[in-house]
Amino acid sequence: MSLQTLTERIEKMLGTDSGLGATAKFVTDEGTVFVDGKSVPNSVSNEDKEADCIFEVSTKNALKLIDGDLNAMMALMTGKLKIDGDMGVAMKIAETFGGR
């Protein structure tokens, strides 16, 4: 379970035009995944840039969230996931990644 795997999975799920209209950053124990949902085509990189919403989560738990093996609300309540910034963007991310 590596940062590269997480980056590729997010890139595949996001597609070229997700309609996200915002930026998000996943800060993990292995590095950063930056999602630019404002540009078309959307882009995903490992750059550490300013973002509208920041998710702090381990790489392992991020992959579990994407796979549906970890409930986001439970992860928040148990401290496995921390969210900072625009909660509207957090909800859009949940919709984009949820159920896949």
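Structural data are supplied above this passage.
Structural notes, computed from the coordinates. Owing to the predicted nature of the structure, the values given are computational and were not obtained by experimental measurement. Residue indices begin from 1 for each chain and proceed along its sequence in written order. In keeping with the model being predicted, local features are shown solely for residues with a pLDDT of at least 70 and side-chain atom pairs are shown and tallied solely at 80 or more, while totals for entire chains, interfaces and linings include all residues. With hydrogens and water stripped out, all remaining heavy atoms of the structure feed into the side-chain values.

1. Remarks on a nonpolar patch on the surface
Alright, step 1. For patches, a residue must show more than 30% relative accessible area and have no salt bridge; joins then use 9 Å for like charges and 5 Å for nonpolar side chains, namely Val, Leu, Ile, Met, Phe, Trp and Tyr. Under the convention used here, a 1.4 Å probe and the Shrake-Rupley method define accessible areas, while residue burial counts only the protein chains that appear. Should a side-chain nitrogen of Lys or Arg be within 4 Å of a carboxyl oxygen of Asp or Glu, the pair is scored as a salt bridge. Taken together, the side chains of M73, M74, L76 and M77 define a hydrophobic patch exposed on the protein surface, amounting to about 420 Å² of accessible area.
Alright, step 2. Only DSSP runs of H or I reaching four residues or more are called helices, and only runs of E reaching two or more are called strands; each is numbered from the N terminus. Looking at where M74 falls in the secondary structure, it is placed in helix α3 (residues 72–77).

2. What to know about helix α2 (residues 59–67)
Alright, step 1. Only protein chains enter the accessibility calculation, which uses a 1.4 Å probe. A residue is then buried if its area is under 20% of the maximum for its type, exposed if over 50%, and partly exposed in between. For α2, the complete set of buried residues consists of T59, N61, A62, L63 and I66.
Alright, step 2. Looking one or two residues beyond α2, the residue adopting positive phi is G68, at roughly 85 degrees.

3. What about the pairing of strand β2 (residues 32–36)?
Alright, step 1. Most of β2 sits inside the fold, with five of its five residues counted as buried.
Alright, step 2. Pairing of strand β1 (residues 23–27) with β2, which is carried by five bridges, proceeds in the antiparallel orientation. Residue pairing in the sheet places K25 in a bridge with F34 of β2.
Alright, step 3. Between any two strands, pairing holds if DSSP finds at least two bridges. The antiparallel pairing of β1 with β2 creates a hairpin that spans four residues between the two strands, and G31 there sits at a positive phi of about 145 degrees.
Alright, step 4. One ladder, built from three bridges, connects β2 with strand β3 (residues 43–45); its direction is antiparallel. Counterpart to F34 in the pairing with β3 is S45.

4. Here we look at the sheet that holds strand β5 (residues 81–85)
Neighbouring strands of a sheet are bound in pairs by backbone hydrogen bonds; such pairs are parallel or else antiparallel.
Alright, step 1. The strand order β3-β2-β1-β4-β5 describes an open sheet built from five strands, whose pairing is mixed. Unpaired on one side and paired on the other, β3 and β5 mark the two borders of the sheet. Going across the sheet, the axis of each strand differs from the next one's by a mean of 15 degrees, ignoring polarity.
Alright, step 2. Residues count as neighbours in contact if any of their non-hydrogen atoms are within 4.5 Å of one another. Between the N-to-C directions of two axes lies an angle of 0 to 180 degrees, each axis being a line fitted to C-alpha atoms and, for a helix, fitted only over the stretch in contact. Lying on the sheet, helix α1 (residues 3–14) is in contact with β1, β2 and β3; it crosses β2 at an angle near 15 degrees.

5. Examining the side chain of T32
Alright, step 1. Position of T32 among the secondary structure elements: in strand β2.
Alright, step 2. Setting aside chain neighbours within four positions, we find T32 in contact with L3, K25, F26, S45, N46, E47 and D48.

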